[in-house]
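The chain contents come next:
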Amino acid sequence: MKVNNLSSEQMSLLGKLVKRKTQGPEDFRVRDSVSLSSMRNNQEEKVFIRYEGKKLDFEQAGQSLQKLGVNIEGSLKSLGGFSATLDQETIAKLEKNGFTVFANPHVQVVPDPPPEAMEGNPYSPSFALAGDSGNVIKMNTAAPAIGASGANNMGYTGKGVGIAIIDTGVAPHPDLMSSGKLVAFKDFVNNKEGVSNAYDDNGHGTHVAGDAAGSGYVSNGLFKGTAPDANIIGLKVIDSTGGGNVAQVADRIVNAIEWVIKHKDEFNIRVINMSLGLPHIMPNLEPVSEASNKAIDAGLTVVVAAGNSGPDAGTINTEPGDNPNVITVGASDDHNTLERDDDNVAGFSSRGPTPKGITKPDIIAPGTEIMSMNVPGSELDKQASQMAQIRDVISKAGPEQLKQIAGMLVNQGSLPQDVAGLPPEQLRKVLLGAVPPIPTTGTAQVGGKSGPAYIGIPGTSMASPIVAGVVADMIEANPKLSHYDIKEILTSTTDKFTGVDANTQGAGYINVAKAMSKALEFKK
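In this text, all values refer to a predicted model and were calculated from it rather than measured experimentally.

(A) Representation of the overall build of the protein in the model. When its secondary structure is counted, the protein shows 16 helices and 21 strands. Counting over 524 residues, the protein shows a buried share of 58%. For the protein, long-range pairs separated by at least 24 residues make up 79% of all intrachain contacts whose partners lie at least 6 apart in sequence. Working note: accessible area of the protein is about 20,500 Å², and carbon and sulfur atoms make up 48% of it.

Here is the structure:
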């Protein structure tokens with residue numbers, strides 16, 4: 001069924017985007033068993049169950065649940081609990097037998113791209129750092145007059161350093177496969193393994209991998225990452241929707257981190273990037289943060305995205321971004337210029353403090369108008385195509401058509417009634433403002449499908465791997481650097497935004513020239 005040339009699928013997508021634009025992103029906080037008390041006895045909900053007593057071990061607790069009539073959908077040993085779908089009557093029975101039951105909703109784990117962030121021409125991840133003073137890491141291959149970056153000229157491109165991308169997967173894009181840069185792949189969603197089985201049905205993880213270490217092969221070096229000679233290890237923990245049920249995703253992430261620790265020497269993995277945010281499943285349980293700390297103790301540097309829920313304070317409230325030990329990266333907005341004078345922290349970039357009062361983020365890096373590897377046929381690729389069609393329909397719609405579209409959005413609960421009543425051109429502006437143009441360019445064959453080679457996406461999800469790539473370059477320059485050495489170097493060499501507090505900009509905007517110099521000089 002079509003409404004004014006928009007399919008039901010496109011209307012649903014438009015509704016989601018308009019709601020986010022007019023009502024703000026959904027804020028996930030800790031949900032506890034109290035949230036289940038309003039359920040009707042015959043209503044079922046996805047839940048996470050833990051045994052809080054001392055009589056039973058994990059296996060015995062599972063056996064006890066089965067005896068109580070629970071159909072266990074997942075044994076999540078890393079979390080010490082189980083997933084199931086239960087009604088209120090069964091929940092009450094479990095609570096009488098020493099179990100605690102928590103809601104386990106399906107949530108978006110990789111942040112949605114902020115609609116206000118794609119307004120200029122997209123940059124390559126390396127090009128995004130062009131405004132760095134002095135010699136910088138990025139190379140503007142589109143403008144040879146600027147020349148190669150300082151770090152590349154010094155010979156540091158992350159060569160041989162492994163970057164683990166824990167995300168929606170990594171597809172066999174030519175920018176990785178042409179030089180054998182995708183060296184390992186492990187799928188914790190559909191249990192696949194090996195580079196020959198690598199895929200990314202969402203597209204987010206592949207873009208992230210390109211931000212860190214894409215070679216720019218298809219674009220002749222234009223769209224390449226900040227560590228173009230680093231290797232990528234792809235770990236899929238998130239499904240095609242970009243989300244999943246909280247407990248299951250947390251378990252997968254923990255298992256992925258443990259896999260990295262086990263295989264770090266085999267693939268010289270020195271860096272983990274997590275451009276994701278997971279709501280805390282229950283009070284005092286932080287499995288992803290605990291696993292991140294273990295990774296740091298094992299000699300890995302952990303870089304994570306702050307999230308796209310700004311500009312309100314206290315929006316860095318998900319794992320692992322609120323972990324005080326990891327390097328949490330917020331996003332800057334360069335307003336499509338190379339000069340830093342007009343740069344600022346992006347409005348969408350999540351702010352601190354964390355729920356525990358920790359100042360976050362740690363550092364700011366480019367996060368708007370970033371062009372990187374695309375996966376033809378992925379959800380991200382299909383969404384870009386759908387959004388282009390939606391924009392075309394809205395742009396050409398007459399006053400009556402706009403009114404009908406607005407009415408449908410009001411019925412969906414996506415558009416406030418007063419906004420729907422705006423004059424046609426104002427209404428058109430609101431609707432177009434909610435549907436950002438997602439640019440694509442080039443052509444590539446990826447996983448048996450042909451389509452755009454690159455896609456432009458904004459967000460802290462892009463800022464984080466840009467920093468992860470810089471970290472790989474620093475490690476190549478000085479392999480003895482630890483996570484805490486790198487964090488200290490990055491945060492002590494920044495350029496600060498005047499009049500901006502630490503819970504907005506952290507230590508400031510990354511300055512690669514200074515960071516590389518200090519990395520070379522750094523001695524313990």
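(B) Region of interest: the sheet that holds strand 21 (residues 454–457). The three strands are arranged 17-21-18 in an open sheet whose pairing can be described as antiparallel. Only two strands of the sheet have a single neighbouring strand rather than two, namely strand 17 (370–373) and strand 18 (440–441). Where strand 18 lies against strand 21, two bridges are found, and the strand directions are antiparallel. Residue pairing for strand 21: Thr440 is matched across the bridge by Ile455.

(C) Summary view of the packing of helix 10 (residues 399–412) against helix 12 (residues 424–434). As a packed pair, helix 10 and helix 12 sit with axes 10 Å apart at the nearest point and diverge in direction by 50°. Put simply, helix 10 runs oblique to helix 12. Crossing of helix 10 over helix 12 shows left-handed handedness. Touching Pro399, Leu402, Ile405, Ala406 and Leu409 of helix 10 are Pro424, Leu427, Arg428 and Leu431, all from helix 12. Residues belonging to the contact of helix 10 with helix 12 are distributed by class as follows: eight nonpolar, no polar and one charged.

(D) Layout of the pattern of salt bridges. Throughout the structure, instances matching the rule amount to 13 salt bridges. Glu193 is the salt-bridge partner of Lys186, the closest N and O atoms lying 3.3 Å from each other. We note a salt bridge from Lys382 to Glu379, for which the minimum N-O separation is 3.0 Å. Of the two residues, Lys382 and Glu379 are both situated in helix 9 (residues 379–396); the distance of three residues between them amounts to about one turn of the helix. You can call Lys382 partly exposed: its relative accessible area is 41%. Residue class for Glu379 comes out partly exposed when judged on its relative accessible area of 33%. Here the residues in one salt-bridge network are Lys360, Asp362 and Lys487, joined through shared partners.

(E) Up close: the pairing of strand 9 (residues 182–187). Strand 9 sits mainly inside the fold: five of its six residues count as buried. Bridging between strand 9 and strand 10 (residues 231–236) involves five bridges; their strand directions are parallel. Within strand 10, the residue paired with Asp187 across the bridge is Lys236. Handedness of the crossover joining strand 9 and strand 10 through helix 6 (residues 204–213): left-handed.

(F) Expanded view of the sheet that holds strand 3 (residues 44–51). If you walk across this open sheet you meet the four strands as 4-5-3-6, and the pairing is antiparallel. Either end of the sheet is taken by a strand with one partner, and the two such strands are strand 4 (74–76) and strand 6 (99–103). Averaged over all pairs of adjacent strands, the angle between strand axes in this sheet comes to 40°, irrespective of strand direction. Relative to strand 5 (residues 81–87), strand 4 is paired through three bridges, and the arrangement is antiparallel. Across the sheet, the residue bridging to Ser75 is Phe82, located in strand 5.

(G) Representation of helix 14 (residues 483–492). Every buried residue of helix 14 is accounted for by His483, Asp485, Ile486, Lys487, Ile489 and Leu490. Packed against the buried residues of helix 14 are helix 8 (287–297), strand 13 (301–305), strand 14 (327–333), strand 16 (363–366), helix 13 (460–477) and helix 16 (512–521).

(H) Molecular detail of the environment of Asp473. Its place among the elements puts Asp473 in helix 13. Along the backbone, Asp473 and Pro228 are 245 residues apart, and their C-alpha atoms lie at a distance of 9.3 Å.

(I) Broad picture of the nonpolar core. Core analysis: the biggest nonpolar cluster contains 80 residues, and Leu14, Ile163, Ile232, Met474, Leu490 and Ile510 have the highest contact counts within it. The element best represented in this core is helix 13, accounting for 11 residues. Judged by nonpolar contacts, the second largest core, of 42 residues, contains Phe102, Val107, Val237 and Ile272.

(J) Region of interest: the packing of aromatic side chains. The tally for this structure, following the rule as stated, stands at six aromatic pairs. Considering the side-chain rings of Phe58 and Phe82, the 4.6 Å spacing of their centres and the 10° angle between planes classify their relative orientation as stacked. Of the two residues, Phe58 is situated in helix 2 (residues 58–67) and Phe82 in strand 5; the sequence distance between them amounts to 24 residues. Relative accessible area serves as the criterion here: at 22%, Phe58 is assigned to the partly exposed category. The buried category is assigned to Phe82, whose relative accessible area is 2%. Positioned above the aromatic ring of Phe188, the side-chain terminus of Lys186 is 5.7 Å from the ring centre.

(K) Fine view of the pairing of strand 14. With seven of seven residues buried, strand 14 is to be regarded as a mostly interior element. Across four bridges, strand 14 lies against strand 16 in parallel orientation. Within strand 16, the residue paired with Ala331 across the bridge is Ala365. As defined by bridge partners, strand 14 adjoins strand 15 (residues 344–345) across two bridges and the pair is classed as antiparallel. Paired with Ser332 across the strands is Val345, a residue of strand 15.

(L) Expanded view of the packing of helix 6 against helix 13. The contact between helix 6 and helix 13 brings their axes to 7 Å, and the two run at 40°. The pairing of helix 6 with helix 13 is recorded here as oblique in orientation. You can see that helix 6 and helix 13 cross each other, and the crossing is right-handed. Here His204, His207, Val208, Asp211 and Ala212 of helix 6 lie close against helix 13, whose contacting residues are Ser461, Met462, Pro465, Ile466 and Gly469. Taken together, the residues of the contact of helix 6 with helix 13 break down into five nonpolar, four polar and one charged.

Conventions and cut-offs
- Residues numbered from 1 in each chain as written.
- Predicted model: local features only at pLDDT ≥ 70, side-chain atom pairs only at ≥ 80, totals over all residues.
- Heavy atoms only, no water.
- Helix = DSSP H or I, 4+ residues; strand = E, 2+ residues; numbered from the N terminus.
- Buried < 20%, exposed > 50% of the residue type's maximum accessible area, 1.4 Å probe, protein only.
- Contact = heavy atoms within 4.5 Å.
- Areas by Shrake-Rupley, 256 points an atom, 1.4 Å probe, with all protein chains shown as cover.
- Pairing = 2+ DSSP bridges.
- Axes fitted to C-alpha atoms, helices over the stretch in contact; angles between N-to-C directions.
- Parallel < 35°, antiparallel > 145°, perpendicular 65-115°, else oblique.
- Left-handed = near helix turned anticlockwise from the far one by under 90°.
- Nonpolar A, V, L, I, M, F, W, Y, C, P; charged D, E, K, R; others polar.
- Salt bridge = Lys/Arg side-chain N within 4 Å of Asp/Glu carboxyl O.
- Right-handed = clockwise from strand over helix to strand, strands pointing away.
- Core = buried A, V, L, I, M, F, W, Y, C linked by side-chain atoms within 4.5 Å.
- Phe/Tyr/Trp six-rings, centres within 6.5 Å; stacked < 30°, edge-to-face > 60°.
- Lys NZ or Arg CZ within 6 Å of the ring centre and 35° of its normal.

On their own, these measurements won't tell you what the molecule is for.
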